[in-house]
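# Summary of structural features
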Amino acid sequence: MSLQAILGNFALILFILTIATGIIWFLDVFHFSRVRRAKADQALAEFDARHAKLKADGIKTDDSGRAKIEAEILRQPTWIEYSGSFFPVIALVFFLRSFLYEPFKIPSSSMVPTLVIGDLILVNKFTYGIRLPVINKKIISINDPQRGDVMVFKFPKDTSLDYIKRVVGVPGDKIVYKNKRLTINDKEISYQPLPDYLDEEHLSYSKQYIEHLTGLQHKILNDDRAPAYVQNPDPFPMHDRCTYNLEGFTCTVPSGHYFMMGDNRDNSLDSRYWGFVPDENIVGKAFFVWMNFSNIRRIGSFQ
């Protein structure tokens, strides 16, 4: 793994910090603190012996320095003090982020209108099973992704990148996308027209629909100016499970994989272009916008 990849892997950085500060905290509790205590006891014993001798000689002594000597010796070195203070905080953040909820920021418009650029979202890390942090190895299975879920996953072509799309096909599904309309397992998906969607950034309109994806309703966009066919798909693994034509494509989802598409259908690089997402790449299920500094009205759950 390159240095750039390591620096870009926040989970790995948190893991390293947790281990490093944890080791220092452990050593301090079970070794360094005892060494300091022994030195302090020895210094205090010598202090008491000197003062006892002076008193025996009739010399008046001042015992106020005794507490200062003890405090100085028992005081933690700065590097141990900071490590011990940060360890529980870093460990808590690492646990929450690895096993419960992880925050992400939406960087692109591929999921408009469901998610927009700048949305800060929460991702449930345990819905699809418990995975070991950093290596993302599933150790406990809980639920499988369902059609319609908004899912974060490691980009198959570069697993250092996190992507977010909607699950359109699960293992075994036959996905047909013809003239910008989905058919799943020979069942046509219904669409309900909505008023056109205004892209305020580019001052352009897109056709907007409610897509009834096997029981789940969500909004999608289509750009009439974009062609129906997939332009220049990559030679991705198991490419032979997909066929492309001028009207769209047909794909059969292999076992242990998922077919992902963005809600902004004509402005999304997704499984149509780079292929299927393996189960081991799953990060979690996105479910809540907790902030958008450009528009706080965006806060809330979504489908």
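Everything in this summary refers to the structure shown in the same document. (Residues numbered from 1 in each chain as written. Predicted model: local features only at pLDDT ≥ 70, side-chain atom pairs only at ≥ 80, totals over all residues. Heavy atoms only, no water.)

A few words on the overall build of the protein. Helix and strand content of the protein: 5 helices and 18 strands. Relative to the 2.2 N^0.38 estimate, which gives 19 Å for 303 residues, the radius of gyration of the protein is 30 Å and therefore markedly larger than a compact globule would have. Here the protein, with 303 residues, has 41% of them falling under the buried criterion. For the protein, contacts bridging at least 24 residues in sequence account for 58% of all contacts bridging at least 6. Accessible area of the protein: about 17200 Å², with a carbon and sulfur share of 58%. Averaging the locations of the 36 positively and 34 negatively charged side chains of the protein gives two centres separated by 3 Å. (Helix = DSSP H or I, 4+ residues; strand = E, 2+ residues; numbered from the N terminus. Rg over C-alpha atoms; globule rule 2.2 N^0.38 Å. Buried < 20%, exposed > 50% of the residue type's maximum accessible area, 1.4 Å probe, protein only. Contact = heavy atoms within 4.5 Å. Areas by Shrake-Rupley, 256 points an atom, 1.4 Å probe, with all protein chains shown as cover. Lys, Arg positive; Asp, Glu negative; His and termini not counted. Charge placed at Lys NZ, Arg CZ, Asp CG, Glu CD.)

The next point concerns the sheet that holds strand β8 (residues 181–184). Spatially, β9-β8-β7-β14-β13 is the arrangement adopted by the 5 strands of the open sheet, whose pairing is antiparallel. With partners counted over all chains shown, the strands left at the sheet margins are β9 (187–188) and β13 (242–245), one partner each. Two strands pair when backbone bridges link them, and strand β7 (residues 174–178) and β8 are joined in this way by 4 bridges, in the antiparallel orientation. The partner of Val 176 across the bridge, within β8, is Thr 183. (Pairing = 2+ DSSP bridges.)

For the pair helix α2 (residues 10–56) and helix α3 (residues 65–74), the least separation of the axes is 9 Å and the interaxial angle reads 160°. Looking at the two axes, α2 sits roughly antiparallel to α3. Here α2 runs over α3; the crossing is right-handed. Where α2 abuts α3, its residues Arg 36, Arg 37, Lys 39, Ala 40, Ala 43, Leu 44, Phe 47 and Asp 48 lie against Gly 65, Arg 66, Ile 69, Glu 70, Ile 73 and Leu 74. Across the contact of α2 with α3, the residue classes break down as 7 nonpolar, 1 polar and 6 charged. (Axes fitted to C-alpha atoms, helices over the stretch in contact; angles between N-to-C directions. Parallel < 35°, antiparallel > 145°, perpendicular 65-115°, else oblique. Left-handed = near helix turned anticlockwise from the far one by under 90°. Nonpolar A, V, L, I, M, F, W, Y, C, P; charged D, E, K, R; others polar.)

On to the state of the cysteines, then. Summed over the entire model, instances satisfying the criterion amount to 1 disulfide. In this model, Cys 242 is linked to Cys 251 through a disulfide, with the two sulfur atoms separated by 2.0 Å. Looking down the S-S bond of the Cys 242 and Cys 251 bridge, the torsion is 120°, so its handedness is right-handed. A single burial state applies to Cys 242 and to Cys 251, both of which are buried. (Disulfide = S-S within 2.5 Å.)

Applying the stated criterion across every chain, the model contains 21 salt bridges. Among the salt bridges present, the one from Asp 48 reaches Arg 66, with a minimum N-O distance of 2.9 Å. Placement of the pair is Asp 48 in helix α2 and Arg 66 in helix α3, with a sequence separation of 18 residues. Measuring nitrogen to oxygen at the nearest pair gives 2.8 Å for the salt bridge that ties Asp 263 to Arg 166. In this pair, Asp 263 is assigned in the loop between β15 (257–261) and α5 (271–274) and Arg 166 in strand β6 (residues 158–169), connecting sequence segments 97 residues apart. (Salt bridge = Lys/Arg side-chain N within 4 Å of Asp/Glu carboxyl O.)

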